[in-house]
Amino acid sequence: MTAFEMQDALDRLKYPAGNSEVTFRIYEFKNMNLPSELYEKDFSADIYRLNLFAERLENLEFTEMAAFKSLLVENPESSFEDMLLMTYGLDSVMVYPCGNCYELGETVIENEMIPELESCSDEILELLDREKVGKLMCEREGGQFVDGCYCLTSGYEKPDISIEIGRSDNCFFRLLIVPEEEKTKQAQWISLPCETEITTDLCNGICLDFQSSLPNLTFDDTSKIDKLNKLAEQISQLSHNDFVKLKAVMESENICEISDTLDCIGRLSEYQLDRKISDSSDFEQVIPERKQGGITSYGAISGRGQELSDEPDEDENCEMGMSL
């Protein structure tokens, strides 16, 4: 997910602002074939780091994935942070296209990879047992056979890096802009709100990609970047609760235009949001004669000018008492 999609998922899950710690398990999926120990325990991590881990795994090439798996076989008790770090520096793991000891023996003999073979004639090399040579190599090096590859993990160097995660703090929209459709190499990301002046070139450019913290918002006209920047500035002044309320109102009233969203921000105080309510029957109790509003992905939102009451009316109290 993008950072915006991740934050929105947390809002839909009713996570408190600033809390992004999750507990998770790794399950057998497709052809991952990870060590069984990893399937039997719980991990905890910042969900943004977990998202980065998923992205790193998705982008590993075949030999890199084989190298990664071989490191996990060597280190089955790895923590989540260990595994995340292991997705970097994989080029220090030697990987050979050998699926078993016989194929490894072939490679060892052809390349004279052990000292005993250096003085042997071609006739002698032809007589050698490939399987035994491969097993000898494995025992000496402690390599692993993974996904049709022989991986030598002893050369792995743990990278000394600080891994940053892509939170959406202080940024609410990102646009990938190019001056002309044919000039994709000149594309640049613009983050909003933007304190610097938005140039005419940007307003006349072409938007190749649009990432938004407001799932309902549409944007397809770069001439409106100034207006979008104004919206971003106004969002930056909202509390997190009001930001979530804005998304709930936009979902409930199907608001998707910039101008309508700006107008919505100006009247947010006329709505009430209850994030604890997620069931329509509960919603009917707190606002039985509603004309607008309803259950959204973020909780119950009242209609404009209506109130959500936590207390059932007197008749409802009587009925509840009788049923008890």
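Enquirer: Just give me the short version of the overall build of the protein chain, but keep the residues and values in it.
Expert: Across its full length, the protein chain holds 13 helices and 11 strands. Taking all 324 residues of the protein chain together, 41% fall into the buried category. Summarising the internal contacts of the protein chain: among those between residues at least 6 apart in sequence, 64% fall at separations of at least 24. Carbon and sulfur atoms provide 45% of the accessible area of the protein chain, an area that totals close to 18900 Å².

Enquirer: So what's going on with the sheet that holds strand E9 (residues 273–274)? Residues and values would help.
Expert: The strands making up a sheet are joined through hydrogen bonds of the backbone, oriented either antiparallel or parallel. Strand order across the open sheet formed by three strands is E9-E11-E10, with antiparallel pairing between neighbours. The sheet is open, and its two edges are formed by E9 and strand E10 (293–296), each paired on a single side. The sheet contact formed by E9 and strand E11 (residues 299–302) spans two bridges and is antiparallel. Following the sheet pairing, Leu273 is matched in E11 by Ile301. The sheet contacts of helix H10 (residues 240–252) involve E9, E10 and E11, and relative to E10 the element is tilted by about 110°.

Enquirer: Explain the environment of Arg25 residue by residue, including any values.
Expert: With respect to the secondary-structure elements, Arg25 resides in the loop between strand E1 (21–24) and strand E2 (43–46). Linking Arg25 and Leu38, residues 13 residues apart in sequence, is a C-alpha distance of 8.2 Å. Residue contacts for Arg25: discarding those within four places in its chain leaves Glu40, Lys41 and Asp42. A distance of 2.6 Å separates a polar atom in the side chain of Arg25 from a polar atom in the side chain of Asp42.

Reading guide: rules and limits
- Residues numbered from 1 in each chain as written.
- Predicted model: local features only at pLDDT ≥ 70, side-chain atom pairs only at ≥ 80, totals over all residues.
- Heavy atoms only, no water.
- Helix = DSSP H or I, 4+ residues; strand = E, 2+ residues; numbered from the N terminus.
- Buried < 20%, exposed > 50% of the residue type's maximum accessible area, 1.4 Å probe, protein only.
- Contact = heavy atoms within 4.5 Å.
- Areas by Shrake-Rupley, 256 points an atom, 1.4 Å probe, with all protein chains shown as cover.
- Pairing = 2+ DSSP bridges.
- Axes fitted to C-alpha atoms, helices over the stretch in contact; angles between N-to-C directions.
- Polar contact = N/O pair within 3.5 Å; in protein donor to acceptor, adjacent residues only side chain to side chain.

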